[in-house]
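The chain contents come next:
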Amino acid sequence: LGGRRAFCGARGRVRGCARVAPPRASGGDGARVIATLPGDGIGPEIMNVAVKVLETVAEGEGVSLRFEEHAIGGDAIDKTGKPLPEETLEACKASDQVLLAAIGGYKWDNLSSKDRPEGGLLQLRAGLDCFANLRPATLQDELLEGSPLKAEVIKGVDIMIVRELVGGIYFGEPRGFKDADGDRAGYNTMVYKKSEVERIARVAFEIAKARKGNLVSVDKANVLEVSQLWRQTVADAFEADGCEADGLSLSNMYVDNCAMQLCTNPSQFDVILTGNIFGDILSDQASVITGSLGMLPSASVSSPGKPGIYEPVHGSAPDIAGQDKANPLGMVLSAAMMCRYGLNEPEMADIIEDAVKSVLAKGYRTGDLMGASPAGAELTQVSCSQMGELLLETIAEEEIMVSFMPK
């Protein structure tokens, strides 16, 4: 099966790869090191599926990967008293990429905000300087009924939201509370530096080059000075980088209009570039219109050459943890994102994504997806581990077919 890569290239199946984080062989044996963080709740179950899929695909593609598991979140609190042990952070910094499953649970709800499991993820993002959040919103045709929008509106949606993650109003200073004239006030500062906008814009440019090339920058420039700086900086960077010559288009949209358009005409969007608070809201809105959080991956990435964090959008679902009921597909698709954008292995990403599509097309569903298919569809409900086995079987079948095709 060693000829798979050459065959894939000849067939033109590679959809492109944005070099967000060029690969580096951090293992002494030349293997790419993947730091795996199963975390809490259903995390260990879905991580197990994703690692098996990655191992299988990597072997077929002749790619050497080494997985190193570390504690984070509630699991780390129970073991070390901290949501992000120093050992975990250092291991993630030394890795090629980070694969995270899920964090949090009822068990730790009584802790202070800085000591809760979710604090581990925030500390990890800061420690790895992950300034760009990538949130795809796509919908498989087999799951159209799961969307709250009409099928004719949502069909064919394939959006990538690129959100600035470490600036804006969530981190701006000054912030706080004050008493003035006998009244209590709370205040925050929405601020962006030109350099911060430029670096997130260039991530979006690279992503757009690997997709349809249509970029929409979202702001509130009719009201906010910070958005006026954002809009002008994006336009200047677009021109300076010669993006138009690369086949990219850039348009601007106010955030309120974008929110409306996501509900009325979502298929118009390819890549959306926006700031922290707007991206927080729009990415959650986009995830809801696709119908199932269990299917959605995400990534938080840094500068080229540094590891990024790849994780599903959904939570830890402690109510079904350990029952083999979880949907592992969001985790598996996060692994595919890691292959495409983090490891520069687009063929591996294609194989994984094709396997997910194939399994769904055959009617296999975890419990959360049973209501997302058209009435009368022949469906088979499967467990988390069974879904993993189906993916492995599908990948093996495709590899056998490819091995008999001309190289």
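Everything here concerns the structure above.
Residues numbered from 1 in each chain as written. Predicted model: local features only at pLDDT ≥ 70, side-chain atom pairs only at ≥ 80, totals over all residues. Heavy atoms only, no water.

If you tally the helices and strands in the protein, you get 13 helices and 14 strands. For 407 residues, the compact-globule estimate of 2.2 N^0.38 gives 22 Å, and the protein sits close to it at 21 Å. Its C-alpha atoms give the protein principal-axis dimensions of roughly 75 × 55 × 50 Å. For the protein, the residues scored as buried account for 52% of the 407 residues in total. Of the contacts formed within the protein by residues at least 6 apart in sequence, a portion of 76% connects residues at least 24 apart. In the form shown here, the protein has an accessible surface area of approximately 17,300 Å², with 52% of it arising from carbon and sulfur atoms. Of the charged side chains in the protein, 40 are positive and 57 negative; the average position of the first set lies 2 Å away from that of the second. (Helix = DSSP H or I, 4+ residues; strand = E, 2+ residues; numbered from the N terminus. Rg over C-alpha atoms; globule rule 2.2 N^0.38 Å. Buried < 20%, exposed > 50% of the residue type's maximum accessible area, 1.4 Å probe, protein only. Contact = heavy atoms within 4.5 Å. Areas by Shrake-Rupley, 256 points an atom, 1.4 Å probe, with all protein chains shown as cover. Lys, Arg positive; Asp, Glu negative; His and termini not counted. Charge placed at Lys NZ, Arg CZ, Asp CG, Glu CD.)

The next thing to look at is the sheet that holds strand 10 (residues 271-274). Pairing within the open sheet is mixed, and its 10 strands lie in the order 2-1-3-12-11-4-5-10-8-9. Looking at strand neighbours, the two that pair on one side only are strand 2 (65-69) and strand 9 (249-254), the edges of this open sheet. Pairs of neighbouring strands in the sheet enclose a mean axial angle of 25 degrees, with direction left out of account. Pairing of strand 3 (residues 97-102) with strand 12 (residues 309-312), which is carried by 2 bridges, proceeds in the parallel orientation. Bridging from a neighbouring strand, Val98 pairs with Ile309 of strand 12. Sheet strands in contact with helix 7 (residues 194-209) are strand 4 (132-138), strand 5 (158-164), strand 8 (214-219) and strand 10, and its direction is about 165 degrees off that of strand 5. (Pairing = 2+ DSSP bridges. Axes fitted to C-alpha atoms, helices over the stretch in contact; angles between N-to-C directions.)

This brings us to the environment of Ala102. As for its position among the elements, Ala102 is in strand 3. With relative accessibility at 4%, the residue Ala102 sits in the buried group. Excluding anything up to four places from it in sequence, Ala102 contacts Pro38, Gly39, Asp40, Gly43, Gly315 and Ser316.

Attention now moves to helix 10 (residues 276-289). Relative to the 20 Å expected for 14 residues at 1.5 Å per residue, helix 10 spans 20 Å between its end C-alpha atoms, a close match to the ideal helical length. Trailing helix 10 by a residue or two, Gly291 shows a phi angle of about 100 degrees, which is positive. (Expected span 1.5 Å × (residues − 1).)

Let us now look at unusual backbone geometry. Omega for the peptide link from Glu173 to Pro174 comes to 5 degrees, which places this bond in the cis form. Phi angles above zero are rare outside glycine, and Ala317 is one such case at about 40 degrees. Structurally, Ala317 is set in the loop between strand 12 and helix 11 (329-342).

Before going further, it helps to spend a moment on the packing of helix 2 (residues 43-61) against helix 12 (residues 346-361). Two elements in contact, helix 2 and helix 12, have axes whose closest approach is 10 Å; the angle formed by their N-to-C orientations is 130 degrees. Relative to helix 12, the element helix 2 is oriented oblique. You can see that helix 2 and helix 12 cross each other, and the crossing is right-handed. Only Glu347, Met348, Ile351 and Ile352 of helix 12 make contact with helix 2, whose side of the interface consists of Val53, Leu54, Val57, Ala58 and Glu61. For the contact of helix 2 with helix 12, the class distribution of residues is 7 nonpolar, no polar and 2 charged. (Parallel < 35°, antiparallel > 145°, perpendicular 65-115°, else oblique. Left-handed = near helix turned anticlockwise from the far one by under 90°. Nonpolar A, V, L, I, M, F, W, Y, C, P; charged D, E, K, R; others polar.)

This part takes up the pattern of salt bridges. Proximity of charged atoms lets side chains of opposite charge pair with each other. Using the criterion set out here, one finds 23 salt bridges in the structure. A salt bridge links Arg184 to Asp179, with the nearest nitrogen and oxygen atoms 3.2 Å apart. Of the residues examined, Asp179 reaches a relative accessible area of 57% and is grouped as exposed. (Salt bridge = Lys/Arg side-chain N within 4 Å of Asp/Glu carboxyl O.)

One number sums up the size of the largest pocket: a volume of about 770 Å³. Among the secondary structure elements, those contributing two or more residues to the lining of the largest pocket are strand 3, helix 5 (117-127), strand 4, helix 10 and strand 12. Among the residues forming the lining of the largest pocket, the class breakdown is 13 nonpolar, 8 polar and 7 charged. (1 Å grid on protein atoms, 1.4 Å probe; cavity = no way out; pocket = protein on both sides within 12 Å on 5 of 7 lines; lining within 4 Å. Points joined across faces, edges and corners; volume = space filled by probe spheres on them.)

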